[in-house]
Structures are given as structure tokens and as C-alpha cells.
Amino acid sequence: MHAAGYVAGKNASLHHAVNGSGAVAPARLWKVCMAIMSSCEYLDNGARRIYRLNNGTQVKERPALPGKYRFEFYDARGNRVYKPSIQREMRQAIEHHKKLWGLP
């Protein structure tokens, strides 16, 4: 038998968070697991920038280009990343780093 209020399955943590039993909802866990920048290279006197994140991914930035073409996103194996949600997370890590260190 299960204890009273126990919910098994994939929605267990969400159920417990909604009912106030202390578990953290999956949406809140995402913010804790956000990618963080580990290194940055400025090439060609700032014309190209390569940002490496803690999960092995990297972003190439060319500041002279317009927004849509400015960033190129790569996963840990070197393949291009096209999924907008992953690109958004990587871009947020870069923006956080720039804001933290006061970079343009």
C-alpha cells in the first residue's frame, strides 16, 4: 500500500508541488539548470566572439551582422542547433554573462 497522498508516475513531482507537499515543480527546476558561460574568446579585435558554455555547447557571435544572422549555435558534438528553445537558453546565458561583467 502507498502512503496517503502519494502519487506515482511521471506527474508525481508536479502533483506534490501543486498540493503543497514541498516538492519543486519541473518549471522551476529549469532555471536552476540553466547553462552558464565557462569561457569567451574575442577574435579579430572583437569582430568575432566564441562563447563556450558549461554543458559543452558553444555560440559564435559576429556583432557586425543583424540579429537573425548574428549568432551560430553548436551542441557539444559540433552540430548546429536549430531548435529555438535551446537557442534562447544559450542566448540568455550569454546575455547574463554580459550583464554581469558589464560588456557591450
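Residues numbered from 1 in each chain as written. Predicted model: local features only at pLDDT ≥ 70, side-chain atom pairs only at ≥ 80, totals over all residues. Heavy atoms only, no water.

Asker: I tried to follow the environment of D75 on my own but got confused; where do I start?
Answerer: Mapped onto the secondary structure, D75 falls in the loop between β4 (71-74) and α4 (84-101). Along the backbone, D75 and T57 are 18 residues apart, and their C-alpha atoms lie at a distance of 4.4 Å. A polar atom in the side chain of D75 sits 3.1 Å from the backbone nitrogen of R77. Of the polar contacts made by the side chain of D75, one reaches the backbone nitrogen of G78; its length is 3.1 Å. (Helix = DSSP H or I, 4+ residues; strand = E, 2+ residues; numbered from the N terminus. Polar contact = N/O pair within 3.5 Å; in protein donor to acceptor, adjacent residues only side chain to side chain.)

Asker: Quick question: what am I supposed to make of the sheet that holds strand β2 (residues 48-53) here?
Answerer: Strands pair in a sheet through their backbones, by hydrogen bonds, and they do so in one of two ways: parallel or antiparallel. The antiparallel open sheet is built from four strands, whose spatial order is β1-β2-β3-β4. Because the sheet does not close on itself, it has two edges, and the strands there are β1 (37-43) and β4. Going across the sheet, the axis of each strand differs from the next one's by a mean of 15 degrees, ignoring polarity. Note that β1 and β2 share six bridges and pair antiparallel. Residue L43 lies in a different strand from β2, and its bridge partner there is R48. Contacting β1, β2, β3 (58-61) and β4, α4 runs over the sheet at an angle of about 115 degrees to β4. (Pairing = 2+ DSSP bridges. Axes fitted to C-alpha atoms, helices over the stretch in contact; angles between N-to-C directions. Contact = heavy atoms within 4.5 Å.)

Asker: How should I be thinking about the pairing of β2 in this particular structure?
Answerer: Residues in a regular strand project their side chains so that they alternate between the two faces of the sheet. Linking two consecutive strands that pair antiparallel, namely β1 and β2, is a turn of four residues; a positive phi of about 55 degrees is found at D44 within it. Across four bridges, β2 lies against β3 in antiparallel orientation. Counted as the bridge partner of Y51 is V59 from β3. Hairpin connection between β2 and β3: a loop of four residues separates the two successive antiparallel strands, and G56 in this loop has a positive phi of roughly 90 degrees.

Asker: How do you make sense of the environment of A93 when you look at a structure like this?
Answerer: Assignment of secondary structure puts A93 in helix α4. Between the alpha carbons of A93 and I36 there is a distance of 5.5 Å; along the sequence they are 57 residues apart.

Asker: Could you clarify how one ought to interpret the pairing of β4 in this entry?
Answerer: The side-chain alternation of β4 yields two buried faces, one formed by F71 and F73 and the other by E72 and Y74. Alignment of β3 against β4, held across four bridges, turns out to be antiparallel. In the strand pairing of β4, V59 is matched with F73. (Buried < 20%, exposed > 50% of the residue type's maximum accessible area, 1.4 Å probe, protein only.)

Asker: Please explain the nonpolar core as it appears in this structure.
Answerer: Soluble globular proteins: nonpolar side chains tend toward being buried together. If you look at the biggest cluster of nonpolar residues, it comprises eleven residues: A35, M37, Y51, L53, V59, F71, F73, V81, M90, A93 and I94. Among the elements of the structure, β2, β4 and α4 are those that each provide at least two residues to this core. For this core, the leading source of residues is α4, giving three residues. (Core = buried A, V, L, I, M, F, W, Y, C linked by side-chain atoms within 4.5 Å.)

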